[in-house]
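The primary structure of each chain is shown beneath.
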Amino acid sequence: MKFPSLPCWAPLTGILILAGGMLSTVMFGLAGDLTGRVSLPDASRGATVATLADNGRGYSIDEVAALSKNNWTPLAGDFVRANRNEVMWIRVVLPNRTDETLTGIFGESAYYMDQIDFWTRDKNQGWRHARSGEWTRDKPVWGRSAVIPVHVPAQSETTYYLRAEDKDSIWLNLAWWPDREQYAAVRLRIALAEGLYYGALFALFFYNAVLWIRLRFSDTGYYLGYLGMAGLFFFSLNGGFLQFIAPLGSPAVNIVAKIAVVLSAACVVQFGRVFLELRERVPVADRFARWLRNGLLALLPLTVIPSAGSVPLLIAVDLLVHGTMLVMALLAWRAGATHARYFGLAFGFLFAGITPAVVSLAINRPQHWAMMAFFAGSVMEMLMLSLAMADRFARIQRERAATQEKLVEEMAQRETLQEAYADELALEVGERTKELQEANRDKDRMIAVIGHDLRGPLTALTMGAEQASGRADEALIFADEAAHTGRQVLLLIEDLVLWARLRAGSVHPGVHLVKDFVTQVAALHQPFAAQREVELVVSVPESLRVKTDLVLAQTLMRNLVANAVRFAHTRVVVSAVAVADGVRLTVRDDGPGLPPEVGAALSTESGAAAQVDARGGGLGLRLCVEIGRALGVRLEVKTGVGEGAEFSFTLRGANVDTRSPFAESQP
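Parameters and conventions
Residues numbered from 1 in each chain as written. Predicted model: local features only at pLDDT ≥ 70, side-chain atom pairs only at ≥ 80, totals over all residues. Heavy atoms only, no water. Helix = DSSP H or I, 4+ residues; strand = E, 2+ residues; numbered from the N terminus. Areas by Shrake-Rupley, 256 points an atom, 1.4 Å probe, with all protein chains shown as cover. Patch = residues over 30% accessible without salt bridge, like charges linked within 9 Å, V, L, I, M, F, W, Y side chains within 5 Å. Salt bridge = Lys/Arg side-chain N within 4 Å of Asp/Glu carboxyl O. Buried < 20%, exposed > 50% of the residue type's maximum accessible area, 1.4 Å probe, protein only. 1 Å grid on protein atoms, 1.4 Å probe; cavity = no way out; pocket = protein on both sides within 12 Å on 5 of 7 lines; lining within 4 Å. Points joined across faces, edges and corners; volume = space filled by probe spheres on them. Nonpolar A, V, L, I, M, F, W, Y, C, P; charged D, E, K, R; others polar. Pairing = 2+ DSSP bridges. Axes fitted to C-alpha atoms, helices over the stretch in contact; angles between N-to-C directions. Parallel < 35°, antiparallel > 145°, perpendicular 65-115°, else oblique. Left-handed = near helix turned anticlockwise from the far one by under 90°. Contact = heavy atoms within 4.5 Å. Polar contact = N/O pair within 3.5 Å; in protein donor to acceptor, adjacent residues only side chain to side chain.

### Remarks on the overall build of the protein chain
Part 1 of the reasoning: Looking only at helices and strands, the protein chain has 17 helices and 19 strands in total.
Part 2 of the reasoning: Working note: accessible area of the protein chain is about 34,900 Å², and carbon and sulfur atoms make up 60% of it.

Okay, structure coming up:
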């Protein structure tokens, strides 16, 4: 059975209803529960409140306490109010008609004054003084509220004198909690609600910050600016600096709030311009929004001027800006920007939440629940704008997916065309590959032919020089030098031919006596050793056999011996011994040796070692490394500066005699 799919708006509507229900429960059900709070004055309990304007007289507490009741004005309503920079004295009488001492909390817990001083008589009829307020660091009760602990004895009453001042204006809604635990419970509930509020703002901020860092959409950046400035505005006016950072009262906290509200309004205008695509859809609205943004930024210098009523005025300007952007969102929606509907919903939530606060301020009766409604509305607004960003991102993803599908179709068409020519292309590539391989083999054969053609004349030259070496003195010298040069060139040609064999991968293994080819190599270099007065010692047992390519092995040994004779001081030893895995051949000299890093490079099997010729030019040791790789053996080097050099390698054994003779090296 196939169930019908839900419309796309149904899950979103459900999420919004759930979020609104949770916020309402927390803000009004949890934070709105003020159980235990007694508003003052309270006629039912006999609690009275009277006020006295200081009017610049500078009363002291003794002077105020000495005034008669006729000088005091009973408070008729719920709020004690005074204008900017005025000082107000308040006398509060808290009665206790019970038989137990009341230990509670008393003061102003809803609105925040710069400074409130509390006095009451102690047992010795002196004054017990406490101070609280936004500029006070060490308060009697921690938190943003200006309250003090009170003790009212049974069947009596306690009189408190308060002195309140604020550089903006005084709004005092005095109350007391006869039970201190009930006050703590109220503060805990409010803290939980505000924690949810700020937590939601922080979550939305960091989520969209990550999106902005990854995607770099400009409207996401403006939304972050709006969200951050709006959060700073709420934080400052709600006593956040006082409670969590440092004491901060009027006019500093008001300046911070004014800067935040102006910047938030400018950011929401710029966010609306980009997100609603006003430049393309409604150019007239875009120009007006640009002027509005510039006008708001021009107000920034004025925010540092401390003036009474400026914060409410800027809040009214901010509301007008939101109303203007709501109209622009409707125009953009009408012009085809379907995502503009989120703007309407967001600002609808904001106006619904802020209306109770505006009404309560207009009638001079601010209410706690009105502030909770403002918090709920602002959170829902930010949530809706964040959903608008998510919807925009999803729309871009859908557009990209459609583009990718189109590209996939085009690629499929191209692959169809490529497959039509695949066989022909493969055939052509194969032919070209064969031609390149054949050309490479021709190059190797050409090197071999050149070596073969040069070998004959050089051999004849060498033989003639050797025959003439026994005649006259000059001829003898010439003959010796010519013979030596001829042998060297001949060996070089042999190395070139061998190099070509190595490149062609031509290896012909067979079984050979070690002493035969080692002796031939020693005999070849004996004249040069005698000329340099170097003793060339050979220590190889008669019975050792190896299975290897004779030419390669002999050339390897020849190059090692030639290198040793060239650099030895007095002695070169060539030896061979049977080991577990074959026959180990060693060439050791007492020359200057090699640097350790060069010896290590020669011992490696990497291609870098093949490029090392530590003590001379030409093919030399490079060819030795190449031959070792072709034979599948590793050239081992033991050397040190001034300690001579020892080169060794191990060939696969092929002894007829099963015994493994070990020869002693000659001293």
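### A short note on a nonpolar patch on the surface
Part 1 of the reasoning: Where nonpolar side chains cluster on the molecular surface, the patch consists of Trp-142, Phe-244 and Ile-245 and spans about 440 Å² of accessible area.
Part 2 of the reasoning: Considering the arrangement of structural elements, one finds Ile-245 in helix H5 (residues 240–245).
Part 3 of the reasoning: When its relative accessible area of 57% is taken as the criterion, Ile-245 is described as exposed.

### What to know about empty space enclosed by the protein
Part 1 of the reasoning: According to the stated counting rule, one finds three cavities of 30 Å³ or more in the structure shown.
Part 2 of the reasoning: What the largest cavity holds in volume is close to 140 Å³.
Part 3 of the reasoning: Elements with a contribution of two residues or more to the lining of the largest cavity: helix H4 (218–237), helix H6 (252–275), helix H9 (310–334), helix H10 (341–362) and helix H11 (368–420).
Part 4 of the reasoning: It is H4 that contributes the most residues to the lining of the largest cavity, four residues altogether.
Part 5 of the reasoning: Taken together, the residues that form the lining of the largest cavity break down as ten nonpolar, two polar and two charged.

### Quick word on the sheet that holds strand S12 (residues 174–177)
Part 1 of the reasoning: Spatially, S1-S12-S6-S9 is the arrangement adopted by the four strands of the open sheet, whose pairing is antiparallel. For this open sheet the edge positions go to strand S1 (38–39) and strand S9 (146–152), each flanked by a neighbour on one side alone.

### Thoughts on the packing of helix H3 (residues 180–215) against H4
Part 1 of the reasoning: Interhelical geometry of H3 versus H4 gives an angle of 160° and a closest axis separation of 10 Å. Classified by the angle between their axes, H3 and H4 sit roughly antiparallel to one another. As for the relative orientation of H3 and H4, their crossing is left-handed in sense. Between H3 and H4, the residues in contact are Tyr-197, Tyr-198, Leu-201, Leu-204, Phe-205, Asn-208, Ala-209 and Trp-212 and Thr-220, Gly-221, Tyr-223, Leu-224, Leu-227, Gly-228, Gly-231, Phe-234 and Phe-235, respectively.

### Here we look at the sheet that holds strand S17 (residues 582–589)
Strand pairing in a sheet is mediated by backbone hydrogen bonds. Such pairs are either parallel or antiparallel.
Part 1 of the reasoning: Pairing is mixed in the open sheet, where five strands are placed in the order S14-S16-S17-S19-S18. Every interior strand has two partners, whereas the edge strands, strand S14 (535–539) and strand S18 (636–639), have only one. Averaged over all neighbouring strand pairs, the angle between strand axes comes to 15°, with direction disregarded.
Part 2 of the reasoning: Helix-sheet contacts for helix H14 (residues 514–531) involve S14, strand S16 (571–579), S17 and strand S19 (645–651), and the interaxial angle to S14 is about 175°.

### Describing the pairing of strand S2 (residues 48–53)
Part 1 of the reasoning: With six bridges joining them, S2 and strand S5 (residues 87–96) adopt antiparallel strand pairing. Bridge pairing links Thr-48 to Val-93 in S5.
Part 2 of the reasoning: In this structure, S2 lies alongside strand S3 (residues 73–74), joined through two bridges in antiparallel fashion. Residue Ala-50 lies in a different strand from S3, and its bridge partner there is Pro-74.

### What about the pattern of salt bridges?
Part 1 of the reasoning: Scanning the entire structure with this criterion turns up nine salt bridges.
Part 2 of the reasoning: Residue Asp-42 pairs with Arg-45 through a salt bridge whose shortest N-O separation is 3.3 Å.
Part 3 of the reasoning: Taking relative accessible area as the criterion, Arg-45 reaches 43% and is therefore assigned partly exposed.
Part 4 of the reasoning: Residues Glu-277 and Arg-281 are paired through a salt bridge, measuring 2.8 Å at the closest nitrogen-oxygen approach.

### Topic: unusual backbone geometry
Part 1 of the reasoning: Cis geometry is found at the peptide bond from Leu-40 to Pro-41, where omega equals 0°.
Part 2 of the reasoning: Residue position: Pro-41 is located in the loop between S1 and S2.
Part 3 of the reasoning: Of note, Asn-55 is a non-glycine position whose phi angle comes to about 55°, a positive value.
Part 4 of the reasoning: Checked against the element boundaries, Asn-55 lands in the loop between S2 and helix H2 (61–66).
Part 5 of the reasoning: Asn-55 gets classed as exposed once you look at its relative accessible area, which sits at 59%.
Part 6 of the reasoning: The phi torsion at Glu-277 lies on the positive side, around 55°, for a residue other than glycine.
Part 7 of the reasoning: With respect to the helices and strands, Glu-277 occurs in the loop between H6 and helix H7 (278–281).
Part 8 of the reasoning: Relative accessible area serves as the criterion here: at 23%, Glu-277 is assigned to the partly exposed category.

### Topic: the side chain of Arg-163
Part 1 of the reasoning: Checked against the element boundaries, Arg-163 lands in strand S10 (residues 156–165).
Part 2 of the reasoning: Side-chain polar atoms of Arg-163 contact the side chain of Glu-165, separated by 2.9 Å.
Part 3 of the reasoning: When sequence neighbours within four positions are dropped, the list of residues in contact with Arg-163 reads Val-87, Met-88, Trp-89, Gln-115, Ile-116, Asp-117 and Trp-119.

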